[in-house]
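Understanding the architecture of this molecule
Residues per chain, in single letters:
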Amino acid sequence: MDEELKCPVCGSLFRDPIILPCSHNICLACARNIIVQTPEGESSHCRASGSSDYDYLDMDKMSMYSETDSGYGSYTPCLKSPNGVRVFPPAPIHRNCSITCPLCHQSVSLEERGLRGFPRNRLLEAIVSRYQQSRSETVKCQLCDRNPAEATVMCEQCDVFYCNPCQQRCHPSRGPLAKHRLVPPNQAATGGSQQQAARKLATCTEHDLENYSMYCVNCKTPVCYQCLEEGKHTVHDVKALGAMWKQHKGQLSQALNGVSDKAKDAKEFLVQLKNLLQQIQENGVEFEACLVAQCDGLVDALNRQKAKLLTKVTKEREYKLKVVRDQITHCTVKLRQTTGLMEYCLEVLKENDPSGFLQISHALIKQVQLSQEQWVKGALEPKVCPEFDLSLNTEPLLQSIHQLDFIQVKYPFTVPPAPILQLEKCCTRNNSATLAWKILTFTHSPVEGYVLELDDGNGGQYREVYVGKEILCTVDGLHFNSSYNARVKAYNSSGAGPYSKTVVLKTSDVAWFTFDPSTSHRDIVLSNENQAVSCSSYDDRVVLGTAAFSKGVHYWELTIDRYDNHPDPAFGVARINVIKDMMLGKDDKAWAMYVDNNRSWFMHNNSHTNRAEGGIMQGSTVGILLDLNQHTLSFYINKQQHGPVAFENLDGVFMPAVSLNRNVQVTLLTGLEVPKNYKQL
């Protein structure tokens, strides 16, 4: 992650980085060097103010700097008081000054605070420090003007590395500096930076004595209580700092997951490209050997032509090798950038500084998302195939030898390879299954479409459920409480390729469904997300459920929400083409029980049977038990079976159904277990 830690101006690792409004980082010293001033004033005024842009250094350390040895690019004039103490005059105000980001070229005007108005990137400082320690780089003197020498000591109070000459000149062990503690650079790198980081609290850039405590969502920056009291964020969305820290960490981690998958695919792709190099080499050698064998069997004229043919083969091979090498180089660069960004982000996630993290999280998340977007479709596909699209014609007569040449013919397309099921995207919901797949193809085996196959849920024969070009498919209308085996294959003009690996998808144990507004009668009124039904007509109207059953045992209930004037609603099952403008059960497409406040009857094809005492009222529940293993239909009222088994020898596809008029309203309850006293096969 070297590039993530280097300043875009000086090209070195960041030192005292600040965050520009565009979210890019730059060294503080480099920022002073690129400040410009409008024609109203002199640019030197902008440079002169650099010494006070960041006064987070101790005053005793600053007192040792001069305009010639500071190393911070400042040439603020220094005066001496009568007692010999050097005094820095107040810096000029940054009027008409601006700074331009070297990366995005966005300019921003400096306010009276100058560069102090830009927050420090403490997280980046800590990461750079750890990075230097991990690489065991030699620590350089921070005060040498050119070609910094190796540092020999580090002052813990000043937080500055010195070589011997600079230490003698700028930090002598006498006077007020005699109390400062000088330690070796290596010891300072392991302990000093952490102590310094712990010593510096995250204070507000506007109010130096206030710590960050809240986060402004509109301004995308941490704020302190004094900022809120001043009314700068009155109408803004302000949230707790810790909560936003955790939220942005989660967003960055989620974005990293996506780019991590792309990096993994890129690594696999590089392996394929390297294998492709070997295949091209082997196929090229084999092709040359065949060509030589054919040419040796011909007459002298064929031998003269042989050199030309070999040249063409070599050019074809070199072209393919060049294309693959170029693709490897390009992919390697992109992968290195992506990997570097990932390592940097992981280091950021290790930091425990909420405000520092939130200062860079938005830009970092956007950068990770942009890194993911660069792996566009087709970026991980080889641009050439290992085969040579050449064929030697050996049948012409001897007089045609001088005209012998390659006939460039396209190989007949080979069948596509087996698709790869993306298990993380395959899932089931209720009685629907969603499958996704991908495939890696070469130019000689294009894909024209895919065939998705499922078995019957009992380990039986496969059947085609989808044929097309999409790589994501949802299959509806499956059996509940069933395990389906699914597989997919690709095809082109040469035929169908091999099947993918089989994936097992299990549907929901119980049925969850609602009333279906698309098939209901126009007088039907649905509410409560299609769970409750009533009617606007005095005549009976039919409404069906969204589920269709052809196997298994299913149980659902309906609660009587309103029951006026003793009507007789009907409950049961029906075919999809049942007549919907009369009572359920009057045609041969429905099997139902209609019930009033005192008694009930079973009805199918307008035949009334098995009158039973006992009815319904407001608050009652009616249960329907459809057992397609035993091919029976039974009814329950208030959890008790009502009458004998209503219908037998049921076979086919059935949908839940209700008929009612305006005097009744019911609510559907689904996803219920079969009553415990019911005996199943």
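Residues numbered from 1 in each chain as written. Predicted model: local features only at pLDDT ≥ 70, side-chain atom pairs only at ≥ 80, totals over all residues. Heavy atoms only, no water.

**Thoughts on the overall build of the chain**
The criterion, for reference: Helix and strand definitions here come from DSSP, where helices need a minimum of 4 consecutive H or I residues and strands a minimum of 2 consecutive E residues; each element is numbered from the N-terminal end. Note on exposure labels: buried denotes an accessible area under 20% of the residue type's maximum, exposed denotes more than 50%, and partly exposed covers the range between, all computed with a 1.4 Å probe on protein chains only. Contact between two residues is taken to exist if any of their heavy atoms lie within 4.5 Å; hydrogens are not considered. For the area figures, the Shrake-Rupley method with a 1.4 Å probe applies, and any residue is considered shielded solely by the protein chains shown.
Along its length, the chain carries 10 helices and 35 strands. When the 681 residues of the chain are sorted by exposure, 46% land in the buried category. Sequence-distant contacts, at least 24 apart, represent 62% of the contacts inside the chain between residues at least 6 apart. Of the accessible surface of the chain, which amounts to about 35300 Å², a share of 50% is contributed by carbon and sulfur atoms.

**Let's talk about the pairing of strand β23 (residues 524-527)**
Let me state the cut-off plainly: Here, a strand pair is defined by DSSP locating no fewer than two bridges between the strands.
The pairing of β23 with strand β24 (residues 532-535) spans four bridges and is classified as antiparallel. When the bridges of β24 are listed, L526 appears paired with V533. Here β23 folds back onto β24, and the loop between the two strands holds four residues, one of which, N528, carries a positive phi near 55°.

**Things to note about the packing of helix α8 (residues 241-296) against helix α10 (residues 354-373)**
Heads up, the rule is: Fitting a line to C-alpha atoms yields each axis, with helices limited to the stretch in contact; the angle taken between N-to-C directions then spans 0 to 180 degrees. The scheme is simple: roughly parallel for angles under 35 degrees, roughly antiparallel for over 145, roughly perpendicular for 65 to 115, oblique for anything else. It is the rotation of the near helix from the far one that decides the hand of a crossing: anticlockwise by less than a right angle makes it left-handed, clockwise makes it right-handed.
Put simply, α8 and α10 touch, their axes get as near as 9 Å, and they point 25° apart. The orientation of α8 with respect to α10, classified from their angle, is roughly parallel. Note that α8 runs across α10; the crossing there is left-handed. Within the contact between the two elements, α8 uses L241, M244, W245, H248, K249, Q251, L252, A255, L256, G258, V259 and K262 and α10 uses P354, S355, F357, L358, S361, H362, L364, I365, V368, Q369, S371 and Q372.

**Observations regarding the pairing of strand β28 (residues 590-595)**
Most of β28 sits out of view: six of its six residues are buried. Note: strand β27 (residues 570-574) against β28, five bridges, orientation antiparallel. Bridge pairing links A574 to A590 in β28. Relative to strand β29 (residues 599-604), β28 runs antiparallel, the two being bridged by five bridges. Residue pairing in the sheet places W591 in a bridge with H604 of β29. Between β28 and β29, which follow one another and run antiparallel, lie three residues.

**What to know about α10**
Test applied: Take the residue count of a helix, subtract one, and multiply by 1.5 Å to get its expected span. Each residue is assigned a bend, namely the angle between axes fitted to the seven residues that terminate at it and the seven residues that start at it.
Taking 1.5 Å per residue, 20 residues should reach 28 Å; α10 reaches 28 Å between its end C-alpha atoms and fits that length. Considering bend angle alone, the principal kink of α10 is centred on S361 and spans about 45°. Those residues of α10 lying buried are P354, S355, G356, F357, L358, Q359, I360, S361, L364, I365, V368 and S371.

**Some details on the sheet that holds strand β10 (residues 182-183)**
An order of β9-β8-β10 is seen for the three strands of this open sheet, with the pairing classed as antiparallel. Two strands lie at the open edges of the sheet, namely β9 (160-162) and β10, each paired on one side alone.

**As for unusual backbone geometry**
With a phi angle near 55°, N638 is a residue other than glycine that sits in the positive phi range. Structurally, N638 can be placed in the loop between β32 (632-637) and β33 (640-641). In the Ramachandran plot, K639 falls in the positive-phi region, its phi being about 75° despite a non-glycine side chain. Looking at the element boundaries, K639 is found in the loop between β32 and β33.

**A few points about the sheet that holds strand β30 (residues 607-613)**
Read from one edge of the open sheet, six strands run β25-β34-β27-β28-β29-β30, paired in antiparallel fashion. Of all strands in the sheet, those with a lone pairing partner are β25 (541-544) and β30, marking the two edges. Sheet twist, expressed as the mean angle between neighbouring strand axes with direction ignored, is 20°. The sheet contact formed by β27 and strand β34 (residues 655-660) spans five bridges and is antiparallel. Residue pairing for β34: G572 is matched across the bridge by A657.

**Here's the deal with the side chain of R487**
For R487, the position within the fold is in strand β20 (residues 483-492). Accessibility expressed as a relative area gives 19% for R487, which makes it buried. The contact partners of R487, leaving out residues within four places of it in the chain, are V451, L452, E453, Y462, Y499, S500 and T502.

**Side note on the environment of N565**
The line we're drawing: N or O atoms closer than or at 3.5 Å make up a polar contact, with two conditions inside protein: a donor-capable atom paired with an acceptor-capable one, and, for residues adjacent in sequence, both atoms drawn from side chains.
Within the fold, N565 resides in the loop between β26 (553-563) and β27. For N565 and D596, which are 31 residues apart along the polypeptide, the C-alpha to C-alpha distance reads 9.8 Å. Within the local environment of N565, its side chain forms a polar contact with the side chain of N663, the two groups lying 3.3 Å apart.

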